[in-house]
Amino acid sequence: MEASITLKKVGKLVGDKTILAGLTFGIEKGTIVAIVGDNDAGKSTMLRLIAGLENPNYGAVFLHGLDTEKRRIETRQTVAFIPHDIDLDPWLTLEQNIQFDARLYGEHRNKIQARIDDYSHALELGSLLYSMAGRVPQGIQKKAMIIRALAHDPSILIMDEPTAFMDAKSRRLTWDLMRKLRGHKTIVYSSQFLPEIEAVNDRIMVIHNGSVLLDGSLDKLLESTLEYHQFAIEFEDLNENLFKILCSVTTVVNPTKVGNAFHFYGRSRKVFFEVLNACSDAIMKDLSIEKLSLQDLLDSTFAQKGLDG
Amino acid sequence: MSAFIIRRWWLIRNRLMSSIALAFIIPFILSIVTVFGTKNIIIQSINGQPYEVWVLPGLMMFMSAVLITPLIYRDFFDLRIHNKALIPMTLAPIRKSTIILGILFSALLEVIVIIIIGLGIYSIIFPQAVAIEQVGFIIMYSIIFALLYGNIIILLSLFTERISIFMSALLTTLISIMFACGLFIEFPFFPNSMSSVFQYFPLSMVSVACRSILFIGSFDTFNTLTPLAVTIILIVINSFLLKQKMKQ
């Protein structure tokens, strides 16, 4: 497939600190890519670099094969960026904010208005579109920012926490719209809402300390964990001695104690019975077995060392 | 450029009543407080013009500075430090100089309208002071003054990050141009060493050139073109500075 976004050995420094280190990857046209990682992992910086809001210290970012630094004007025509924080002009209405921004891209007002109508209908913005930006809730402003980004019809949409400040219904409408845009626009976004990421993605990139730690579809990322399960056993009294005994079971991975509950990961259900044997004298109140999710994958211990680490 | 002009119109329209009120109140107050008292101290200029006639171009230039300041401050300082609308503007496929010129010229249009209202108010307060054939020159030089001063405020807005520093620098600049640029007090009233320096300030040159054409009838090429040249240089510097500040 044709690459829409290409990063070649991109690095970003702030002072002596490396924010991004030699990132090299491509993103296919028309796909939705989710960026996840801890706070301060470098997600926002990476998105800002792709959007052209900042320049890399080394390496290059290409949009549709054009270097964003050398062909600034052409590349900016193709990309739109939605930052995490509200950046609308509070003294203009939501509609005026959108109209002004799209006009800077040389779009005709009738075309802009048609897109505003379409997207505001999809996001159920209604008459709020004509309210002063500074007087509407942030979730509404965020929806207007999404329309603003789409009003000049970019082929690449970069979004940093696009559903931040939104209520549940607005989040659903936003992701419905993104699903409709799939195939027509390349969408790269970051989010802390993992259920949203699990629901809307063609590919997930896990960023850690400025590097891509994991990269692939959700199924591919979970493939390595498929044999693993998360177990939890709640005891009437999980004392230190019992906890030590349970930890000593060689097949138990990453054991933790939360109150009287013993949490651990295991490669097969057989581990569970080994643990049960080890604590046959203790009184158990509850137990559960779950398949691993993206949340488990992103657990810092896993992300850094892997399940077997 | 048209996008910036429409935006300016929207900003005025969205606060229409306060805009109209300020368009009359500011020229009225400035005319009253700066001229009535001073004309009893400086009765006439050195070349014999009544003070209220001599001061008119300086008053309009000062008014243009007072009016353009909040417009520039909002777009280049307030919105920038609060990560508001300036960031999406810098992401658009336009040059930084276009952003500088777009904001500056659209603000200038608002200023010109209020200057015209100001001239009307002044002609009511001092009917003999405003000659209709001079109005065009006063507006033209007020525009040059506002362009140059606006660029100085853009420079200040982009350099400073803290409101307290910005306000201190702004007040110092406004008071300095009020007294040291020949707007309200002629240069010969200052000691020779100071006046010889003051008259070469680019902002002073605008008032000197304007009065030259109004009261002597000669077009002062040097004092007209130098401020324009400085304005162009400042636009280039401000464009570069905006690019640096936005890390783009």
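Residues numbered from 1 in each chain as written. Chains lettered and ligands numbered in written order. Predicted model: local features only at pLDDT ≥ 70, side-chain atom pairs only at ≥ 80, totals over all residues. Heavy atoms only, no water.

On to the overall build of chain A, then. When its secondary structure is counted, chain A shows 12 helices and 14 strands. Intrachain contacts of chain A at a sequence separation of at least 6 include 68% that bridge at least 24 residues. Here chain A displays about 13900 Å² of accessible surface, and carbon together with sulfur accounts for 49% of that area. Each charge class in chain A was averaged separately, 36 positive and 41 negative side chains, and the resulting centres sit 6 Å apart. (Helix = DSSP H or I, 4+ residues; strand = E, 2+ residues; numbered from the N terminus. Contact = heavy atoms within 4.5 Å. Areas by Shrake-Rupley, 256 points an atom, 1.4 Å probe, with all protein chains shown as cover. Lys, Arg positive; Asp, Glu negative; His and termini not counted. Charge placed at Lys NZ, Arg CZ, Asp CG, Glu CD.)

With that out of the way, let us pick up the overall build of chain B. In terms of helices and strands, chain B carries 11 helices and zero strands. Listed by position from the N terminus, the elements making up chain B come as α-α-α-α-α-α-α-α-α-α-α. Computed over C-alpha atoms, the radius of gyration of chain B comes to 18 Å, within 12% of the 18 Å expected from 2.2 N^0.38 for 248 residues, which places it in the range of a compact globule. The buried share of chain B, taken over its 248 residues, is 54%. Taking contacts inside chain B between residues at least 6 apart in sequence as the whole, the part at least 24 apart equals 76%. Here chain B holds 15 positive side-chain charges and 8 negative ones, and the gap between their average locations is 16 Å. (Rg over C-alpha atoms; globule rule 2.2 N^0.38 Å. Buried < 20%, exposed > 50% of the residue type's maximum accessible area, 1.4 Å probe, protein only.)

Our next topic: the nonpolar core. In this structure, A:I158, B:Y122, B:Y149 and B:I177 are the most contacted members of the largest nonpolar core, which totals 115 residues. Setting aside anything within four residues of it in sequence, one finds B:Y122 in contact with B:S31, B:V35, B:E52, B:V55, B:L56, B:L59, B:M60, B:P127, B:A129 and B:V130. (Core = buried A, V, L, I, M, F, W, Y, C linked by side-chain atoms within 4.5 Å.)

So, on to helix 11 (residues 221–245) of chain B. Think of an α-helix as 3.6 residues a turn; residues three or four steps apart then line up on the same face. Residues and elements named next belong to chain B. Between its first and last C-alpha atoms helix 11 spans 36 Å; for 25 residues at 1.5 Å apiece the expected length is 36 Å, and the two agree. Regarding helix 11, the residues found buried are N223, T224, P227, T231, L234, I235, N238, S239, L241 and L242. Where the residues of helix 11 are buried, they touch helix 4 (51–81), helix 5 (86–91), helix 6 (96–125), helix 7 (132–159) and helix 10 (202–216). Two residues or fewer after helix 11 comes K247, characterised by a positive phi angle close to 55°. (Expected span 1.5 Å × (residues − 1).)

Let's shift gears to the domain arrangement of chain A. Parsing chain A into structural domains produces domain 1 (3–216) and domain 2 (229–291). Each of domain 1 of chain A and domain 2 of chain A was reduced to a C-alpha centroid, and the two centroids are 43 Å apart. (Domains from an automatic or database assignment.)

A word on the interface of chain A and chain B. Taken together, the contact pairs 27 residues of chain A with 28 residues of chain B. The contact between chain A and chain B buries some 2500 Å² in all, and 63% of this surface belongs to carbon and sulfur atoms. Where chain A packs against chain B, one counts two salt bridges. Across the pair A:D89 and B:R74 runs a salt bridge whose closest N-O atoms are separated by 2.2 Å. Where chain A meets chain B, there are seven residue pairs in polar contact (both at pLDDT 80 or more). Listed by contribution, the elements that provide at least two residues to the side of chain A that touches chain B are helix 2 (72–78) and helix 3 (94–104) of chain A. In the side of chain A that touches chain B, the residues fall into 13 nonpolar, six polar and eight charged. (Buried area = accessible area lost by both parts, 1.4 Å probe. Salt bridge = Lys/Arg side-chain N within 4 Å of Asp/Glu carboxyl O. Polar contact = N/O pair within 3.5 Å; in protein donor to acceptor, adjacent residues only side chain to side chain. Nonpolar A, V, L, I, M, F, W, Y, C, P; charged D, E, K, R; others polar.)

Moving on to the packing of helix 6 of chain B against helix 11 of chain B. All names here are of chain B. Taken N-terminus to C-terminus, the directions of helix 6 and helix 11 make an angle of 115°; their axes are 8 Å apart at the nearest point. For the element pair helix 6 and helix 11, the recorded crossing hand is right-handed. In contact with K96, S97, I99, I100 and L101 of helix 6, helix 11 contributes I235, N238, S239, L242 and K243. Of the residues in the contact of helix 6 with helix 11, the class split is five nonpolar, three polar and two charged. (Axes fitted to C-alpha atoms, helices over the stretch in contact; angles between N-to-C directions. Left-handed = near helix turned anticlockwise from the far one by under 90°.)

Residues and elements named next belong to chain A. Strand order in this open sheet of four strands is 12-13-11-14, and the pairing throughout is antiparallel. Every interior strand has two partners, whereas the edge strands, strand 12 (253–258) and strand 14 (284–291), have only one. Neighbouring strand axes in the sheet, compared pairwise and without regard to direction, differ in orientation by 15° on average. Where strand 12 lies against strand 13 (residues 261–266), four bridges are found, and the strand directions are antiparallel. The residue of strand 13 that forms the bridge with T256 is H263. Sheet strands touched by helix 9 (residues 240–247): strand 11 (229–235), strand 12 and strand 13. Its angle to strand 12, the strand with the most contacts, is close to 165°. (Pairing = 2+ DSSP bridges.)

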